[in-house]
Amino acid sequence: MKRLRVLEPLAWVGPAVVLIALVVLWPVIEMVRTSFLEVSRFGVVRGWNGTENYDKLFAETDFWPVMLRSLIWVVAVVGFTVLISLALAQLFNQRFPGRKIARWALIAPWAASVLMTSIIFKWMLDPEVGIINLIRRDLGLIPAMGGADADQLGQAATAFPWLIFVAVFVSVPFTTYALLAGLATIPSDVYEAAKMDGASKFRTYWSITLPLLRPALTVAALINVMNVFNSFPIIWSMTHGQPGYSTATSTIFMFILKGSNIGESAAMSVVNFGMVIVLTAIFLKISKWKQEVA
Amino acid sequence: MVLTGPRISSLGGFRRLVWTNGPSDEKAVSTVNIKLVGGAALGLATMLVLSSCGGGDAGTPAEGGSTGAAAGGEQVTLKMVAADYGDNPTADNAGTKFWKSVVDGFQAANPNIKVEVQVISWNDIDKQVATMVQNGQVPDILQTGDYSGFVKDGLLYKTDEVLSPEVSKDMLTKFADFGKVDGTAYGIPFVSSARALFYNKELFEKAKITEPPKTWDELKAAAEKLKAAGVSQPFGLPLGQEEAQAESFLWMLGNGGGYTDASGKWTINSPANVEAFQYVKGLVDAGLTTPNPGTKDRKTVWEDFAAGKVGMVNGGPMSIPIFDKGAVNGKYAVAPIAGKTGPLDTTLGVMDWIMAFNKNGHAAEIKKFFDYFYTGDATQKIVDNYKLLPVTNGGIEKLSGDEKLKPFLDALPNASFYPFKDPKWSEVNTAIKQTIGGAVKDDPAKVLGDLQKVAEGS
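Residues numbered from 1 in each chain as written. Chains lettered and ligands numbered in written order. Predicted model: local features only at pLDDT ≥ 70, side-chain atom pairs only at ≥ 80, totals over all residues. Heavy atoms only, no water.

A.B. asks: Provide a residue-level description of the overall build of chain B, including the pertinent values.
C.D. replies: Secondary structure summary: chain B contains 21 helices and eleven strands in total. A burial count over chain B gives 55% of its 458 residues as buried. The long-range share in chain B, meaning contacts at least 24 apart out of those at least 6 apart in sequence, stands at 74%. By element, 54% of the accessible surface of chain B is carried by carbon and sulfur atoms, the whole surface being about 19400 Å². (Helix = DSSP H or I, 4+ residues; strand = E, 2+ residues; numbered from the N terminus. Buried < 20%, exposed > 50% of the residue type's maximum accessible area, 1.4 Å probe, protein only. Contact = heavy atoms within 4.5 Å. Areas by Shrake-Rupley, 256 points an atom, 1.4 Å probe, with all protein chains shown as cover.)

Here you go:
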């Protein structure tokens with residue numbers, strides 16, 4: 001009887017442990033193993049390859065530019081997302097006529113599949129028939145449809161900002177809702193006290209709202225960091241990382257490599273995985289997430 | 001905790017497993033009921049266990065024991081993987097529907113053999129098949145764009161083990177020869193296609209061009225006239241990810257160049273090829289082509305041609321259905337592709353392959369299926385549905401009356417092919433798709449030189 005008692009917690013924790021082992025640990029181990037194998041493009045495992053996959057990866061002329069671009073991508077997307085969401089959360093926390101409708105509207109980009117949103121933006125930016133270009137033509141910003149001026153996704157300098165825009169567009173709803181939930185947990189008496197002391201609006205926001213919002217903000221931003229870094233559908237469906245590799249992030253690069261060298265692609269995945277962990281660690285350090293809010 | 005969050009949540013919506021982006025993942029986190037997660041965990045664990053059990057002996061009939069010949073009325077299941085030539089998975093010409101009609105006919109004639117066909121889109125088939133091979137779960141039959149990489153490791157049946165001599169004999173010799181590695185045939189030609197120049201007759205009239213260009217100079221003059229007549233893309237130039245290797249090859253051929261020389265040595269940055277790209281770069285710089293060609297897919301440019309916005313474009317028989325659905329229907333014509341000094345006497349030929357894996361030992365059943373496929377009306381259905389060209393003498397004869405397909409059928413016997421049997425081709429091809437567009441934007445010699453380095457690298 002006693003023995004069974006000891007085993008009881010295992011029955012409760014067991015499924016979760018099995019799940020984590022199968023769905024998280026096993027693929028990670030397989031990924032790392034593959035990165036040291038020589039695998040033909042057709043999937044035939046040719047044997048152990050030492051660190052050759054990594055040597056080849058780091059020697060790619062496009063590797064470092066891609067890594068740098070990934071970093072810019074994460075910082076820009078998460079940065080804009082958080083700033084916009086902070087403002088939107090504040091707005092939606094106020095009572096105003098039509099707030100319910102506005103809140104529902106905010107869900108739309110979140111409810112639509114990311115791939116679908118990306119394809120819609122791609123078509124809106126189409127040089128021949130895209131609505132955004134039709135408007136630009138009618139405003140006199142471009143001379144005619146179909147030319148290089150109308151082809152914003154064709155050049156990295158204009159394509160990358162659009163990719164960032166779409167990524168922010170699909171990330172804002174979740175972040176805003178997470179922050180709204182955070183705002184709802186701040187007790188109103190703190191604000192009353194601040195009012196009594198004659199604190200300005202800015203001061204109240206800076207010294208009360210933001211610190212109390214930090215747990216929600218940290219979680220929201222952290223989830224964004226990881227997911228934006230691994231984001232694939234937006235860039236792939238809008239530019240394939242082209243021209244050249246000039247709009248490719250490391251996830252896109254990994255996918256392209258998979259077409260020519262599976263081992264090298266796995267090595268890229270491992271680097272990617274490491275980057276996410278490093279980014280997360282840096283992020284948690286900066287936001288000092290364990291420190292209690294005073 | 002955070003790490004596992006999104007993953008568990010994907011169980012709530014399987015469709016997100018592939019196309020996940022951060023925030024959309026989190027939506028599921030917030031909606032998935034906690035109890036459900038527990039249930040899902042158990043469910044998933046069960047599923048994985050089941051599938052791993054099933055996977056080990058996949059392809060072997062449940063009754064077991066059968067290797068090869070279907071003796072004594074034993075049921076054999078052939079697993080087949082095929083590429084989708086249809087417009088999309090729900091279109092009337094979707095691959096699943098085509099193969100179902102073939103398999104239904106075959107199973108009615110051979111009640112002992114069941115054929116399970118998995119149709120995969122061209123975008124995914126290479127990667128998915130590679131995963132199957134890596135996991136040791138190969139199908140019995142595979143229909144895709146290349147066979148050569150499986151030969152070295154002894155994964156395939158020889159052609160004469162799975163194809164009747166009568167069928168083999170009917171294959172176009174030049175095609176069948178490409179199915180050989182070191183003199184032994186492994187790949188069976190499935191369908192083929194060739195390229196030619198499509199031009200919009202209405203736009204040509206409007207620009208007062210009397211006949212399609214034969215030389216590069218004529219092509220440039222025609223493009224300038226089209227531009228002056230207000231055509232936004234005088235020449236459609238898809239050098240983007242989808243099929244840059246095809247468009248590039250046609251321009252190389254126009255100057256007597258190519259990816260390799262006659263002896264099979266890589267010549268991507270040969271003077272002829274560099275000159276060809278310098279000429280194309282001139283067209284691009286003058287605004288006579290699709291803007292930023294290095295980012296444009298074939299599909300997009302063909303759709304633009306179908307909408308009447310492109311003056312000329314290189315296309316194949318498979319672009320005919322797309323053009324016929326558009327505004328350009330009935331207003332376009334086909335001509336040989338212009339070369340530097342005259343029309344090309346060769347063109348790009350593409351062949352797709354069907355092959356049999358020997359792992360499950362179903363040679364006899366596979367032979368029955370292949371013979372049924374090549375001798376029945378299935379090949380005719382492919383031509384009707386997809387405008388792809390047959391690979392047998394008999395099939396080509398049957399088509400000789402088709403006006404639209406004639407230019408392509410005529411071009412087939414003298415077509416040039418990718419050096420796909422070279423082990424470096426897949427790597428080179430990947431690099432070409434991604435970067436060759438840079439050759440018409442930056443320095444052609446540098447871009448082609450970098451590609452040559454990829455080809456020559458270890």
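Structure's up, so let's keep going.
A.B. asks: For the pattern of salt bridges, give the residues involved together with the corresponding values.
C.D. replies: Residue and element names in this part refer to chain B. Taken as a whole, this structure holds 22 salt bridges over all chains when the rule is applied. Here arginine 195 and glutamate 243 are joined by a salt bridge, their closest N and O atoms 2.9 Å apart. Of the two residues, arginine 195 sits in the loop between strand E6 (188-194) and strand E7 (196-200) while glutamate 243 sits in the loop between strand E8 (233-236) and helix H12 (244-254), which places them 48 residues apart along the sequence. Grouping residues by exposure puts arginine 195 and glutamate 243 together as buried. Lysine 281 serves as the salt-bridge partner of aspartate 285, at 3.6 Å between the closest nitrogen and oxygen. In this pair, aspartate 285 and lysine 281 are both assigned in helix H13 (residues 271-285), four residues apart and thus about one turn of the helix distant. (Salt bridge = Lys/Arg side-chain N within 4 Å of Asp/Glu carboxyl O.)

A.B. asks: I'd like a rundown of the pairing of strand E9 (residues 310-315) of chain B, residues and numbers included.
C.D. replies: Residues and elements named next belong to chain B. Among the six residues that make up E9, six are buried, leaving the element largely enclosed by the rest of the structure. Pairing of E7 with E9 involves four bridges; the strand directions are antiparallel. Across the sheet, residue tyrosine 199 finds its bridge partner in E9, namely methionine 312. (Pairing = 2+ DSSP bridges.)

A.B. asks: Can you lay out the interface of chain A and chain B for me, pointing to particular residues and giving the numbers?
C.D. replies: Contact residues are listed per partner, giving 58 residues for chain A and 54 residues for chain B. Taken over both partners, the interface formed by chain A and chain B buries close to 4800 Å², and the fraction arising from carbon and sulfur atoms is 62%. Contact with chain B buries area across many residues of chain A, yet Phe42, Glu128 and Gln242 of chain A alone supply 14% of it, more than any other trio. Our enumeration of links across chain A and chain B arrives at four salt bridges. (Buried area = accessible area lost by both parts, 1.4 Å probe.)

A.B. asks: Could you give me a rundown of the confidence of the model for chain B, with the residues and numbers involved?
C.D. replies: All names here are of chain B. Per-residue confidence for chain B gives a mean pLDDT of 82, with 84% of residues at or over 70. In this model, residues 1-71 is a region of pLDDT below 50 whose contacts with residues beyond four sequence positions or in other chains number 83 contacts. The complex prediction reports pTM at 0.81, with the ipTM value standing at 0.83. (pLDDT = per-residue confidence, 0-100.)

A.B. asks: Account for the UniProt feature "domain: ABC transmembrane type-1" (unreviewed entry) in chain A, naming residues and giving values.
C.D. replies: Sequence positions flagged by UniProt for "domain: ABC transmembrane type-1" (unreviewed entry) are, in local numbering, residues 67-283 of chain A. Here residues 67-283 of chain A runs as 76% helix and 0% strand, with 18 Å between its end C-alpha atoms. (UniProt positions renumbered as here; feature names shortened; annotations may be inferred.)

A.B. asks: How would you sum up the side chain of threonine 176 of chain A? Please name residues and give values.
C.D. replies: All names here are of chain A. Within the element layout of this structure, threonine 176 appears in helix H7 (residues 156-184). Note on threonine 176: relative accessible area 0%, which makes it buried. Ignoring anything within four residues of it in the chain, the contact list for threonine 176 reads Ser85, Leu88, Ala89, Phe92 and Leu106.

A.B. asks: Which residues make up the environment of serine 148 of chain B, and what values go with them?
C.D. replies: Positionally, serine 148 of chain B belongs in helix H6 (residues 148-151). When sequence neighbours within four positions are dropped, the list of residues in contact with serine 148 of chain B reads Phe42 of chain A together with Phe420 and Lys421 of chain B. Within polar-contact distance, the side chain of serine 148 of chain B engages the backbone oxygen of phenylalanine 420 of chain B at 3.5 Å. (Polar contact = N/O pair within 3.5 Å; in protein donor to acceptor, adjacent residues only side chain to side chain.)

A.B. asks: How would you summarise the UniProt feature "transmembrane region" (unreviewed entry) in chain A if you had to cite specific residues and measurements?
C.D. replies: In the UniProt entry, the feature "transmembrane region" (unreviewed entry) is given for residues 12-29, 71-92, 104-125, 162-184, 205-229 and 266-284 of chain A. For the annotated span residues 104-125 of chain A, helix accounts for 86% and strand for 0% of the residues, and the straight-line distance between the end C-alpha atoms is 26 Å.

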